[in-house]
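# Structural features, examined
The residues making up each chain are set out below.
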Amino acid sequence: MLTRWHRFFPVTGLMNIRQFFRDHKITGRHLSSLNQQDLLDMDITAVGVQKDLLKLFSDVCRSKGNDLSKVFNDPIHGHIELHPLLIKIIDTPQFQRLRNIKQLGGCYFVFPGASHNRFEHSIGVCHLAGELVETLRARQPDLGITDKDVLCVKMAGLCHDLGHGPFSHMFDGMFIPQARPGYSWKHEDASVAMFDHLLVENDLESLLDQYDITVDDLVFVKEQIAGPIESEQCSSQMKSDWPYTGRSIEKGFLYEIVANKKNGIDVDKWDYFARDCHHLGIMINFDYRRFMKFVRVIPVNDRLQICTRDKEVANLYDMFHTRNTLHRRAYQHKTSNVVEMMICEAMLKAEDHLTLAGENGRPVKISHCIDDMYAYTNLTDHIFHQILVSTSPKLKESRELLNNILKRKLHKCIGQTQPAAWKSKIPKV
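Since we're looking at a predicted model, the values are computed, not measured. (Residues numbered from 1 in each chain as written. Predicted model: local features only at pLDDT ≥ 70, side-chain atom pairs only at ≥ 80, totals over all residues. Heavy atoms only, no water.)

### Looking at the packing of aromatic side chains
The following threshold applies: Between rings of Phe, Tyr and Trp, where Trp is taken as its six-membered ring, a pair exists when centres lie within 6.5 Å; planes separated by under 30 degrees are stacked, by over 60 edge-to-face, and by other angles tilted. Burial classes: relative accessible area under 20% of the type maximum marks a residue as buried, over 50% as exposed, and values in between as partly exposed (1.4 Å probe, protein chains only). To sit over a ring, a charge needs its Lys NZ or Arg CZ within 6 Å of the ring centre and within 35 degrees of the ring normal.
For the coordinates displayed, the defined rule picks out 15 aromatic pairs. Ring centres 5.0 Å apart and planes at 80° place the aromatic pair Y272 and F273 in the edge-to-face group. By relative accessible area, Y272 is classed as buried at 16%. An aromatic cluster is present here, built from F171, F175, W185 and Y376 joined pairwise through their rings. Positioned above the aromatic ring of Y183, the side-chain terminus of R180 is 3.9 Å from the ring centre.

This is the structure we're talking about:
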């Protein structure tokens, strides 16, 4: 690079420009915005030199972008181009572990096509989050959506499932409640913890500074994943009026994109509906692309909210009908549930006899990996085969259960009932 600069000035001139950049806080990502007046301020007066320099700045920025950005060919959304910062997050052990966590857990033992993982789903959600927020920005400039808002929304979409454990919802829905009764935990909590761990372990703080990502921006990302984050600095009055701290109430609609706590209409569902139906071989009627054509942000009860046209109600009915169909035909398939129950039982029996390396190499039990992100990084669906190929006599019962799954010697359902006490707790739909 220095040889290219020496075409224009001697070493002393180069040092003057370097000092000018430092004084004006001009970094690599600002080079493309420099103009002739900036060069005049650096005492570069020759017009020919100015043109050559501006072309050089442009070439440097363009070549740097080409090196860092990537395009993914996704079977659901086609070609997806991701921001360089998102690529850095993807290229970490903490994110790559999602390659080894099945999206639908035990469904793969029933539906041969359900082999997709949390990895590709997370990239898909990131893409759709970007599509939706960019659509809103282009259609309603008055909303004041900034480049940082867009990047933070994409980052939340990318990282929202970092906290999933082996076989996805089997881990947080079956295993943890039985292994640690009374312990309040959900995978979104682990997603936030893993996100923090990922940034520290991979030295991404300097890269965050490069893109002007502040502490408030990181809080915004985490709030999109797990909801309001408790903080002693927030008064009870502030929390009752507006529970979030990453973005103000004027931009509250941004919290409805990745995980919509108000009505459940969000890009996370859009991706897994399309992706799961594709791999399960189930037809899907809901069209999220049509939804985006009619989406607007409008005031609802004095707060801005993402809405769509009234004539799109049928399309939304199709969305919830798709969800119902997937639960009936796949997610709650009786054989899938039996398989997950047997995997859960095997892991519970292995709980006291199998550990993973945690922070500083200390041994951590399976159910306690959620408290140690070093151990949790290594806890994936591979636990199935780790137990299966073990030789420890203490894991004999666990091995037998998993071998029975492979041999299709599954537990049999001899009957089912619904206790009377549950009837009063069933919410009306």
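### Quick look at helix α16 (residues 313-331)
To be explicit about the condition: A helix here means a DSSP run of H or I that spans at least four residues, while a strand means a run of E at least two residues long, and both kinds are numbered starting from the N terminus. Expected helix span is taken as 1.5 Å per residue step, with the number of steps being one fewer than the number of residues. Contacts: residue pairs with any heavy atoms within 4.5 Å of one another.
For α16, built from 19 residues, the straight-helix expectation of 27 Å at 1.5 Å per residue is met to within 8% by its first-to-last C-alpha distance of 25 Å. Inspection of α16 places N315, L316, M319, T322, T325, L326, A330 and Y331 among the buried residues, and these make up the whole buried set. Close packing links the buried residues of α16 with α14 (267-280), α15 (288-294) and α17 (334-350).

### Here's the deal with the pairing of strand β2 (residues 78-82)
For clarity, the threshold we go by: If DSSP finds at least two bridges between two strands, the strands pair.
Summarising the sheet, strand β1 (residues 70-74) and β2 pair through 5 bridges and their orientation is antiparallel. Each bridged residue has a counterpart across the sheet, and for D74 the counterpart in β2 is G78.

### Some thoughts on the environment of R247
For the record, the criterion: Whenever two N or O atoms come within 3.5 Å, that pair is a polar contact, provided that in protein one can donate a hydrogen and the other can accept it, and provided that, for residues adjacent in sequence, both atoms are side-chain atoms.
Looking at the secondary structure, you find R247 in the loop between α13 (236-241) and α14. Spatially, the C-alpha atom of R247 lies 6.3 Å from that of F220, the residues being 27 residues apart in sequence. With sequence-adjacent residues up to four places away left out, R247 is seen in contact with K148, D149, C152, D216, D217, F220, E223, W242 and Y255. A polar contact of 2.7 Å, which involves the side chain of R247, links it to the side chain of D149.

### Thoughts on the packing of α17 against helix α20 (residues 396-406)
What counts, and what does not: Each axis is a line fitted through C-alpha atoms, taken for helices only over the stretch in contact, and angles between the N-to-C directions span 0 to 180 degrees. If an angle is under 35 degrees, it is roughly parallel; if it is over 145, roughly antiparallel; if it lies from 65 to 115, roughly perpendicular; otherwise it is oblique. Should the near helix be turned anticlockwise from the far one by less than a right angle, the crossing is left-handed, and should it be turned clockwise, the crossing is right-handed. We call Asp, Glu, Lys and Arg charged. Ala, Val, Leu, Ile, Met, Phe, Trp, Tyr, Cys and Pro are nonpolar, and the rest, Gly among them, are polar.
Axis separation between α17 and α20 bottoms out at 8 Å; the angle between their running directions is 165°. By the angle between their directions, the pair α17 and α20 is classed as roughly antiparallel. Like other packed secondary-structure pairs, α17 and α20 cross with a definite hand, here left-handed. Together, V339, M342, I343, E345, A346, K349 and A350 of α17 and E397, S398, L401, L402, N404 and I405 of α20 make up the contact between the two elements. Classifying every residue of the contact of α17 with α20 by side-chain character gives 8 nonpolar, 2 polar and 3 charged.

### Some thoughts on a negative patch on the surface
So the rule is basically this: Within the patch definition used here, like charges are joined within 9 Å and nonpolar side chains (Val, Leu, Ile, Met, Phe, Trp, Tyr) within 5 Å, considering only residues with over 30% relative accessible area and no salt bridge. Only the protein chains shown count as cover for residues, with accessible areas throughout obtained via the Shrake-Rupley method and a probe of 1.4 Å. Counted as salt bridges are all cases of a side-chain nitrogen of Lys or Arg within 4 Å of a carboxyl oxygen of Asp or Glu. Residues scored as charged are limited to Lys and Arg (positive) and Asp and Glu (negative), so that His and the chain ends carry no count. We put the charge of a Lys on NZ, of an Arg on CZ, of an Asp on CG and of a Glu on CD.
A surface patch of negative charge is lined by E201, D203, E205, D209, D212 and E359. When you line up the elements, E205 lands in helix α11 (residues 205-210). The exposure class of E205 is partly exposed, given its relative accessible area of 37%.

### A word on the layout of surface pockets
Where empty space is left becomes clear once a probe the size of a water molecule has been rolled over the atoms. Heads up, the condition is: Cavity means a closed set of points on a 1 Å grid over the protein atoms alone, one where a 1.4 Å probe fits but cannot get out, pocket means an open set with protein on both sides within 12 Å along at least 5 of 7 lines, and lining means a residue has an atom within 4 Å of a point. Grid points are joined across faces, edges and corners, and a volume is the space filled by probe spheres set on the points.
Taken as a whole, the largest pocket spans an internal volume of roughly 700 Å³. R118, H164, H169, H187 and Y272 are the residues nearest the centre of the largest pocket, which is lined by 34 residues in total. Listing elements by their share of the lining of the largest pocket, those giving two or more residues are α7 (118-139), α9 (169-179), α10 (187-201), α12 (215-226), α14, α16 and α17. For the lining of the largest pocket, the class distribution of residues is 9 nonpolar, 15 polar and 10 charged.

### Thoughts on the nonpolar core
Stated precisely, the cut-off is as follows: Grouping buried Ala, Val, Leu, Ile, Met, Phe, Trp, Tyr and Cys residues that are joined through side-chain atoms within 4.5 Å yields what is termed a nonpolar core.
Grouped together as the largest cluster of nonpolar side chains are 110 residues, with contacts concentrated most on F171, I257, W270 and Y376. Broken down by element, the residue count for this core peaks at 9 residues, all from α7. Residues contacting Y376, with those up to four places away along its chain left out, are R97, G163, H164, G165, F171, W185, A190, M194, C369 and I370. Of all hydrophobic cores here, the second largest spans 5 residues; its members include L34, L39, M42 and L53.

### Comments concerning α20
Put simply, the rule is: What the arc measures is the spread of directions leading from the helix axis to the C-beta atoms.
When we look at burial in α20, the residues that qualify are S398, R399, L401, L402 and I405. Buried residues of α20, viewed axially, fall in a sector of 160°; they line one side. Packing partners of the buried residues in α20 comprise α17 and α19 (383-388). In the stretch just after α20, R408 is the one whose phi turns positive, near 60°.

### Some details on the confidence of the model for the chain
Atom-level detail of predicted coordinates should not be read off regions where pLDDT is low. Note the threshold: Per-residue confidence from the prediction method is given by pLDDT, with values spanning 0 to 100.
Scored by pLDDT, the chain has a mean of 88; 85% of the residues are at 70 or more. In the model, residues 62-67 has pLDDT below 50 throughout and makes 1 contact with residues more than four positions away in sequence or in other chains. Low pLDDT (under 50) marks residues 232-238, which in the prediction has 3 contacts with non-local residues, meaning those over four places away or in another chain.

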